[in-house]
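Here is what each chain is made of, one letter per residue.
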Amino acid sequence: MPAPSPAAVVHRHHVTQLGPPDAPALVFAHGFGSDQDMWRDVALRFAEDHRVVLFDHVGAGRSDHAAYDAERYASLDGYAEDLLEICEALDLRDAVVVGHSVGAMVAVAAAVRDASRIGQLVLVAPSPRYVDDPGTGYVGGFSREDVDELLESLDSNYFAWAAMMAPVVMGRPDAPHLGEALTASFCRLDPDVARDFAQVTFLSDSRDLLPRVSVPTVVLQCEQDALAPRAVGEHVRRTVPHGTLVQLRAAGHCPHVSAPEETAAAIRHHLLGAS
Amino acid sequence: MTSAPERAADAPPAAPRPAAPPRPRTDPDDAAPPATAPAAPASPGAEALWHAAPCAHLVVSADGAVVDVNDTFLRWTGHRRDDVVGSDFARLLPVGDRILFSTHGLPQLTLTGRLDEVALQVRGADGTRHAALLSAVRLDESGLLLVALFSAAERRRYELDLLAARRRAEDSEARIAEAEAQAQHRVRHDPLTGLLNRTGLLEVLEGELGEACCEDPVTVVYIDLDGFKTVNDSLGHASGDELLVEAAARLRAALPEGAALARLAGDEFAVLHRLPAAGVRFLAEDLLAALAAPVVLSGVEVVVSASIGVAAADDELVAGSGGAARDDDGDGAEGPGERLLRRADAAMYRAKAAGRACWRRHEPGRGDPTADRLLLLEQLRHAIAEGQLRLHYQPRVEVGSGAVVGVEALVRWQHPTRGLLPPSEFVDVAEDSGLVRELGAWVLEEAVAQAVRWERHPDGAPVQMAVNVSARQLVDPRLVPTITGLLERHGLPAHRLVLEITETALMRQPEVALAALRDLRALGLHLAVDDFGTGYSSFTYLKRFAVDELKIDRSFVAGMTTDPRDHAIVASCVGLGHALGVVVVGEGVEDGQQRAALEELGCDLAQGYLFSRPVPPGPVPPTAG
């Protein structure tokens, strides 16, 4: 299959760019249940001196929902390929990819596949496998029963998920510089896509990719993260060849939302070549 | 199925469920709790209000930990205060809701300040799940979250009903789509091998040809198994099928990624792939090698080779309409895909003609007559086996009355791409190669069968059937037994079959021919000398070979009304024939003057366009116009 044109990629992912185009590039990959808007309080802190690239995974936010292909996105590979296509379309060099949650594992998969345009990874609340693996002593935080329950709820909670994913208008009088585009909606996700994405996210096992990451990798670990416990962050840091773990004071799974200042500072502090 | 009223009656829980919070009012404006509710009740009055509130309330810290709950929540869920306070709010939710709340609900609450009527479930102390609607606000000063939970059991039931209906609809849609897909698949695929069939391949091919031609050219590789018929004939059709399936699997395994493989018919396969001209050799050789290894069928080791023809699309093919098609003697109505397939097919025949187990490339405008002849021969061999030959019949009439007394059977070839070919296009080639024996045998069989069909038709009539016999046929020792068997099998009286033999044929091996004619005559057949006057018109053979009929060559008949010498020759022939006591036939009669001239000379029978051109067989014998 021929690579899609840069314009097609930009449209497909509703790619948004902030900051000077010739500055070092920072690409933000969102996780499950969210979209690029979730990054804004962090992203804006880099817009002055970085080329900030925001995008939505296909099926989320303002991406081209018609481009959703259940086959392509049946594994994280499809998402990773998208990420590489975005780097290619924007002709990024040595980009720092900041991925949250499953977006972190998408970044890992992309870097393993082709690191020619990626210079560094920042993984926010990553988990290469959510389910415990008693065979190897790996603790992902979710039991087998949890997973069965999740699968069941994926099926029976359709309307709940649909309602939760419905667009919400958000006004941010405190951040008028965000502009119209960033305030029009909040994290829309097609409920059917959400179902697929949840399966891919919570059933995937990307542990074997970690040793194959060739670029420097920073893990941002939160306190009391219900989805990615501390042991998981430790595992990631231990397993990637060039890993650093940063323990945030922020609690929960979304430090970029609950503690954007701390999160942005941690990222900036660990950027390669940061002054 | 439970009816709606019954379900409604069942809705309130029979067991005591203390202080279940009421369902929310439906007016959206009223749904949200007041944003100014106190996070930590200051006065005893407010404290009592907080605990007695009709809804379950929680105060949650910005990072999701429960700070406080009211008694309504504890009564509803059965949790103890100490178990809840300080723990993560998301832990109160089943895993699916927990994930969604952590990844979506909480961030939304943080960023936008509120959440309205989110449907979820809350886990009770005993594991029971309580369906609920969650609304929440974020208090700006403290960042604390005030969460209200409304019971939504009934709404949940409706949702599950709706969901079940949705799933049923999806299932039935999926089933319909699957059935349609299967039907579509059947139209485009070969049931034996699962490969594309001709229709499917052409569809892919036309699609590929429609693509911009910036890549390698679309190339068709036409593959015909050598010796497949032998397997089918000797080991049976089941083994033949097994061989085809095995061949399909081997071809598939030998193909590069992205190549399409089809079974067109019988033992013919085709590969469709984009590849550079330089890559053709490797692909063709890989395919030949893949098929060359022996196959064990019914315990017998069979070695099958293949002949391969390759043709690649060029600009002329894609752009070409009628002009390009005519170049290839093809049908102007065919699309570029069919044209390309036909070119590969022709190249395959060249491979067969070159000795099989090899491959040949299509060569546009190729003019090597030897190769063309071999190609034609190979195609003719297939034509005989696959029923592409036809017989047309030209009436033989009495010159005087115009009454039809018989017909001459004339072979035609319904060529798959070149249309209906007259014998002049292929009989010489057949004659040179010996294939004429098979050709002749087919013609005899079909002509005799037709004569019998006409005779048996209620409105039919017995006719004399004249069939041409070649020199090679005549000296073939199998001719006499073949004809004997044929007449017996079909039940045609021998005297109704006329064999037409050219002078040339008689003179090639006179002794053998003489013996054959003697035997045939003994059977009771009629023998005619065809094209009389054009070959070795020697009186000797008229004396030695006892014949029943002379057919005066059309060239003399054509000139007899304008050239006195032609007239003289025809007159002599008629005189000679009558003198020997044989029937005389004038061939190629095209107009009334010629007919009148023949009648005047006393010629017995005539045939030609004046009476009728050769026509395909109808239910009754053809008539003369």
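Residues numbered from 1 in each chain as written. Chains lettered and ligands numbered in written order. Predicted model: local features only at pLDDT ≥ 70, side-chain atom pairs only at ≥ 80, totals over all residues. Heavy atoms only, no water.

Student: Kindly report on the packing of helix 9 (residues 228–235) of chain B against helix 10 (residues 237–254) of chain B, identifying the contributing residues and their values.
Tutor: Residue and element names in this part refer to chain B. Running from N to C, helix 9 and helix 10 point in directions that differ by 145°, and their axes come no closer than 6 Å. Contacts between helix 9 and helix 10 pair F228, V231, N232 and L235 from the former with H237, S239, G240, L243 and L244 from the latter. For the contact of helix 9 with helix 10, the class distribution of residues is 5 nonpolar, 4 polar and no charged. (Axes fitted to C-alpha atoms, helices over the stretch in contact; angles between N-to-C directions. Helix = DSSP H or I, 4+ residues; strand = E, 2+ residues; numbered from the N terminus. Contact = heavy atoms within 4.5 Å. Nonpolar A, V, L, I, M, F, W, Y, C, P; charged D, E, K, R; others polar.)

Student: Please provide a residue-by-residue account of the sheet that holds strand 1 (residues 56–60) of chain B, values included.
Tutor: Residue and element names in this part refer to chain B. Here 5 strands make up an open sheet; going across it, the order is 2-1-5-4-3 and the pairing antiparallel. Whereas interior strands pair on both sides, the edge strands pair on one side only; in this sheet they are strand 2 (66–69) and strand 3 (114–123). Adjacent strand axes in the sheet meet at a mean angle of 30°, parallel and antiparallel pairs treated alike. Two strands pair when backbone bridges link them, and strand 1 and strand 5 (residues 145–151) are joined in this way by 5 bridges, in the antiparallel orientation. (Pairing = 2+ DSSP bridges.)

Student: Could you give an account of the pairing of strand 6 (residues 218–226) of chain B, with specific residues and numbers?
Tutor: Residue and element names in this part refer to chain B. Here strand 6 lies mainly inside the structure; 9 of its 9 residues are buried. Residues of strand 6 alternate between two faces, with V218, V220, Y222, D224 and D226 on one and T219, V221, I223 and L225 on the opposite face, all of them buried. Direction of pairing for strand 6 relative to strand 8 (residues 268–274): antiparallel, over a ladder of 7 bridges. Among the inter-strand pairings, D224 is bridged to a residue of strand 8, identified as E268. Relative to strand 11 (residues 305–312), strand 6 runs antiparallel, the two being bridged by 8 bridges. In the strand pairing of strand 11, V220 is matched with A311. (Buried < 20%, exposed > 50% of the residue type's maximum accessible area, 1.4 Å probe, protein only.)

Student: Break down the nonpolar core for me, with residues and values.
Tutor: Generally speaking, soluble globular proteins have nonpolar side chains that are buried together. By size, the foremost hydrophobic cluster in this structure holds 75 residues, and its most contacted members are M465, L497 and L499 of chain B. If you tally residues by element for this core, the top one is helix 17 (residues 435–456) of chain B, at 10 residues. Once residues within four sequence positions are removed from consideration, M465 of chain B is found in contact with Y393, V407, A409, A447, Q450, A451, W454, R496, L497 and V498 of chain B. Counting residues in each nonpolar core, the second largest holds 56 residues, with A25, A107, L154 and V215 of chain A among its members. (Core = buried A, V, L, I, M, F, W, Y, C linked by side-chain atoms within 4.5 Å.)

Student: I'd love a proper account of the confidence of the model for chain A, names of residues and values included.
Tutor: On average, residues of chain A score 86 in pLDDT, and 86% of them reach the 70 mark or higher. Summarising per-element confidence for chain A, the mean pLDDT is lowest in helix 6 (residues 158–164) of chain A (63) and highest in strand 2 (residues 25–29) of chain A (97). (pLDDT = per-residue confidence, 0-100.)

Student: Mind laying out the layout of surface pockets, listing which residues take part and the relevant values?
Tutor: All names here are of chain B. Within this model, the second largest pocket holds a volume of roughly 1,200 Å³. Taken together, 45 residues line the second largest pocket, and the ones lying closest to its centre are L410, P423, V427, N468 and D530. Counting residues per element, the lining of the second largest pocket draws most heavily on strand 14 (residues 404–415), at 5 residues. Considered class by class, the residues forming the lining of the second largest pocket number 16 nonpolar, 14 polar and 15 charged. (1 Å grid on protein atoms, 1.4 Å probe; cavity = no way out; pocket = protein on both sides within 12 Å on 5 of 7 lines; lining within 4 Å. Points joined across faces, edges and corners; volume = space filled by probe spheres on them.)

Student: Let's hear about helix 9 of chain B: which residues, and what values?
Tutor: All names here are of chain B. Three or more residues of helix 9 are buried, namely F228, V231 and N232. The arc that holds every buried residue of helix 9, seen down its axis, measures 95°, which confines them to one face. Pointing more than 90 degrees away from the buried face of helix 9 are the exposed residues K229, T230, D233 and S234. In this structure, the buried residues of helix 9 make contact with strand 6, helix 10, strand 9 (295–297) and strand 10 (300–302). Count one or two residues on from helix 9 and you reach G236, which has phi positive near 100°. (Arc of directions from axis to C-beta.)

Student: Kindly report on the environment of L374 of chain B, identifying the contributing residues and their values.
Tutor: Residues and elements named next belong to chain B. With respect to the helices and strands, L374 occurs in helix 15 (residues 369–385). The exposure class assigned to L374 is partly exposed, which follows from its relative accessible area of 30%. Once the C-alpha coordinates of L374 and Y349 are considered, the two residues, 25 residues apart in sequence, prove to be 8.2 Å apart.

Student: Could you give an account of the sheet that holds strand 6 of chain B, with specific residues and numbers?
Tutor: Residue and element names in this part refer to chain B. Taken in spatial order, the 5 strands make up an open sheet running 7-8-6-11-12, and their pairing is mixed. In this open sheet, the two strands that pair with only one neighbour each are strand 7 (260–265) and strand 12 (359–361). Ignoring which end each strand starts from, the neighbouring axes of this sheet average 20° apart. Each of strand 6, strand 7, strand 8, strand 11 and strand 12 is contacted by helix 14 (residues 336–353), which is oriented at about 140° to strand 11, the strand it contacts most.

Student: Explain the environment of H495 of chain B residue by residue, including any values.
Tutor: Residue and element names in this part refer to chain B. Mapped onto the fold, H495 is located in the loop between helix 19 (479–490) and strand 17 (497–502). Note: C-alpha distance between H495 and H526 (31 residues apart in sequence) is 5.9 Å. In contact with H495, not counting residues within four places along its chain, are Q464, G524 and H526.

Student: How would you explain helix 25 (residues 592–601) of chain B if you had to name every residue and give the values?
Tutor: Residue and element names in this part refer to chain B. Taken together, the buried positions of helix 25 are occupied by Q594, A597 and L598. Along helix 25, the residues classed as buried sweep out an arc of 100° about the axis, all on the same side. Among the exposed residues of helix 25, those pointing more than 90 degrees away from its buried face are Q593 and E600. Looking at the buried side of helix 25, the elements it contacts are helix 23 (554–559), helix 24 (564–580), strand 20 (583–586) and strand 21 (605–606). Of the residues flanking the start of helix 25, the one acting as N-cap is D591, its side-chain oxygen 3.2 Å from the backbone nitrogen of Q593. Remark: G602 follows helix 25 within two positions and exhibits a positive phi of approximately 85°. (Polar contact = N/O pair within 3.5 Å; in protein donor to acceptor, adjacent residues only side chain to side chain.)

Student: Please set out the pattern of salt bridges residue by residue, giving values where relevant.
Tutor: All told, the structure shown has 43 salt bridges over all chains when counted by the stated rule. Between R188 of chain B and E203 of chain B there is a salt bridge, with the nearest N and O atoms lying 2.5 Å from each other. On the criterion of sequence distance, the pair formed by R188 of chain B in helix 7 (residues 153–188) and E203 of chain B in helix 8 (residues 198–210) is long-range, its members being 15 residues apart. Counted as one network, the salt bridges with shared partners bring together R12, R72, E81, D82, E85 and R113 of chain A. (Salt bridge = Lys/Arg side-chain N within 4 Å of Asp/Glu carboxyl O.)

Student: Outline the interface of chain B and chain A, supporting the account with residue identities and numerical values.
Tutor: Counting residues at the interface gives 33 residues for chain B and 38 residues for chain A. Broken down residue by residue, the surface that chain B buries against chain A is led by L100, H104 and L111 of chain B, which jointly contribute 21%. Here chain B and chain A share 2 salt bridges between them. For E149 of chain A, the salt bridge is made with R129 of chain B, and the minimal N-O distance between the two is 3.5 Å. Where chain B packs against chain A, one counts 2 residue pairs in polar contact (both at pLDDT 80 or more). Mapped onto the side of chain B that touches chain A, the elements with two or more residues apiece are helix 6 (95–112), strand 3 and helix 7 of chain B. In terms of residues, the side of chain B that touches chain A owes the most to one element, helix 6 of chain B, which gives 16 residues. Split by residue class, the side of chain B that touches chain A holds 12 nonpolar, 9 polar and 12 charged. (Buried area = accessible area lost by both parts, 1.4 Å probe.)

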